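Listed here are the chains, written in short residue letters.
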Amino acid sequence: MVFLSYQSNPKYFSLISVPFRPLVTWVLLGINVVLWIVLNISGASDDPNVLLRFGAMFGPLVAKGEYWRLFSAMFLHVGLMHLVFNGFSLIIFGRIVESIYGKFQFLILYILAGLFGSAFSYMLNSIAIGIGASGAIFGVIGALVAFFFTQSRNSGKMSKANL
């Protein structure tokens, strides 16, 4: 994989080829896929009762103090296409962001973005069942845009093209 790297002078970037393995990205994808399979074995991934049993975000339950649902909902998906689109987005953008920020910071970013996405979803519609990794993935994309925006002077054409 080729990615941007700081050299001794952080004003300049260079493209280097390093065998980077986006471990956190693949682990997050694996958790999503395994939970989707378990949901389908337990009933169906589009059955509201199954989703609630597995921790889908539901406003009245969150209001009663089940705040853990804000976290668990980001690993559940309704149907194969929902999982596929979120999975591809995670693979495409997650690998890049993980290579830029590092494994630990990427994981923290993903979780915080997912929690804020769930909280925002709860504030917009507190009576709907909410699930999915979209909030976390939008946070990852936002971190990538912020990186390219702040580094556009230093990294030149590549970041401007990606911005």
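Here's a quick rundown of the structure. Residue indices follow the written sequence of each chain, beginning from 1 at its first position. Only residues with pLDDT of 70 or above have their local features reported here, since the model is predicted, and side-chain atom pairs are shown and tallied only from 80 upward, although totals for entire chains, interfaces and linings are computed over all residues. Where side-chain values are given, they derive from all heavy atoms of the structure, hydrogens and water being excluded.

### Details of the environment of Leu35
Put simply, the rule reads: Working definition: helices are DSSP H or I runs of at least four residues, strands are E runs of at least two. Numbering for both runs from the N terminus. Here the term buried applies to any residue with accessible area under 20% of the maximum for its type, exposed to any over 50%, and partly exposed to those in between, with areas from a 1.4 Å probe on protein chains only. Note on contacts: a residue pair is in contact if any heavy atoms of the two residues lie within 4.5 Å.
Among the secondary structure elements, Leu35 is positioned in helix 1 (residues 23–41). Its relative accessible area of 26% is what places Leu35 among the partly exposed residues. Taking the C-alpha atoms as reference, Leu35 lies 6.6 Å from Leu76; in sequence the two are 41 residues apart. Those residues in contact with Leu35 that lie beyond four places of it in its chain are Phe75 and Leu76.

### Quick word on the pattern of salt bridges
Just so we agree on the cut-off: Throughout this description, the term salt bridge denotes a Lys or Arg side-chain nitrogen within 4 Å of a carboxyl oxygen of Asp or Glu.
Summed over the entire model, instances satisfying the criterion amount to 2 salt bridges. Across the salt bridge formed by Arg69 and Glu66, the nearest N and O atoms sit 2.6 Å from each other. For Glu66, a relative accessible area of 24% translates into the label partly exposed. Between Lys103 and Glu98 there is a salt bridge, with the nearest N and O atoms lying 3.5 Å from each other. Note on Lys103: relative accessible area 35%, which makes it partly exposed. The class of Glu98 is buried, set by a relative accessible area of 0%.

### With respect to the layout of surface pockets
Spelled out, the test is: A cavity here means a set of 1 Å grid points, computed over protein atoms only, where a 1.4 Å probe fits but cannot escape. A pocket is an open set with protein on both sides within 12 Å along at least 5 of 7 lines, and lining residues have an atom within 4 Å of a point. Grid points are joined across faces, edges and corners, and a volume is the space filled by probe spheres set on the points.
A volume near 160 Å³ is recorded for the largest pocket. Lining the largest pocket are 15 residues, with Gly117, Ser118, Ile131, Gly132 and Gly135 positioned closest to its centre. Counting residues per element, the ones that place at least two in the lining of the largest pocket are helix 6 (103–124) and helix 7 (134–150). With 4 residues, the top contributor of residues to the lining of the largest pocket is helix 6.

### Overview of a nonpolar patch on the surface
To keep things clear, this is the line we draw: The patches described consist of residues with a relative accessible area above 30% and no salt bridge, like charges being joined within 9 Å and nonpolar side chains (Val, Leu, Ile, Met, Phe, Trp, Tyr) within 5 Å. What sets the accessible areas is the Shrake-Rupley method with a 1.4 Å probe; for residues, cover comes only from the shown protein chains.
A cluster of nonpolar side chains, Phe104, Ile108, Leu112 and Phe116, forms an exposed patch at the surface whose accessible area comes to about 460 Å². Along the chain, the position of Phe116 falls in helix 6.

### Concerning helix 7
Put simply, the rule is: In this scheme, a helix's expected span is set at 1.5 Å multiplied by one less than its residue total. To obtain the arc, one takes the directions from the helix axis to the C-beta atoms.
Here helix 7 is 17 residues long and its end C-alpha atoms lie 24 Å apart, about the 24 Å a rise of 1.5 Å per residue gives. For helix 7, every residue scored as buried is listed here: Ala136, Ile137, Val140, Ala143, Leu144, Phe147 and Phe148. Summarising the axial view, the buried residues of helix 7 lie within an arc of 130°, below the 170-degree limit, and thus occupy one face. Among the exposed residues of helix 7, those oriented more than 90 degrees off its buried face are Phe138, Phe149 and Thr150.

### Description of the packing of helix 5 (residues 79–101) against helix 6
For any two helices packed against each other, one specifies the inter-axial angle together with the distance between the axes. Worth spelling out the cut-off: Axis geometry follows a simple rule: fit a line to the C-alpha atoms, using only the stretch in contact for helices, then measure angles between N-to-C directions, giving values from 0 to 180 degrees. Roughly parallel means an angle under 35 degrees; roughly antiparallel, over 145; roughly perpendicular, 65 to 115; everything else is oblique. Handedness of a helix crossing follows the sense of rotation of the near helix relative to the far helix, less than a right angle counterclockwise being left-handed and clockwise being right-handed. Here the nonpolar group is Ala, Val, Leu, Ile, Met, Phe, Trp, Tyr, Cys and Pro; Asp, Glu, Lys and Arg are the charged ones; every other residue, Gly included, is treated as polar.
Viewed as axis vectors pointing N to C, helix 5 and helix 6 meet at an angle of 130°, and their least axial separation amounts to 7 Å. Overall, the two elements helix 5 and helix 6 adopt an arrangement that is oblique. Helix 5 and helix 6 meet at a crossing whose hand is right-handed. Note on element contacts: helix 6 touches helix 5 through Lys103, Gln105, Phe106, Leu109 and Tyr110, opposite Leu90, Gly94, Val97, Glu98 and Tyr101. Its residues assigned to classes, the contact of helix 5 with helix 6 shows 6 nonpolar, 2 polar and 2 charged.

### A closer look at the nonpolar core
Worth spelling out the cut-off: Nonpolar cores were defined as sets of buried Ala, Val, Leu, Ile, Met, Phe, Trp, Tyr and Cys residues, with membership established by side-chain atoms within 4.5 Å.
Core analysis: the biggest nonpolar cluster contains 18 residues, and Leu28, Leu90, Val97, Phe106 and Tyr110 have the highest contact counts within it. Only helix 1, helix 5, helix 6 and helix 7 provide two or more residues apiece to this core. For this core, the element with the most residues is helix 7, which contributes 7 residues. Once you skip the residues sitting within four places of it in the chain, Leu90 turns out to touch Thr25, Leu28, Leu29, Asn32, Arg95, Phe106, Tyr110 and Ile137. By size, the runner-up hydrophobic cluster in this structure holds 5 residues, among which are Val50, Leu51, Ala56 and Leu76.

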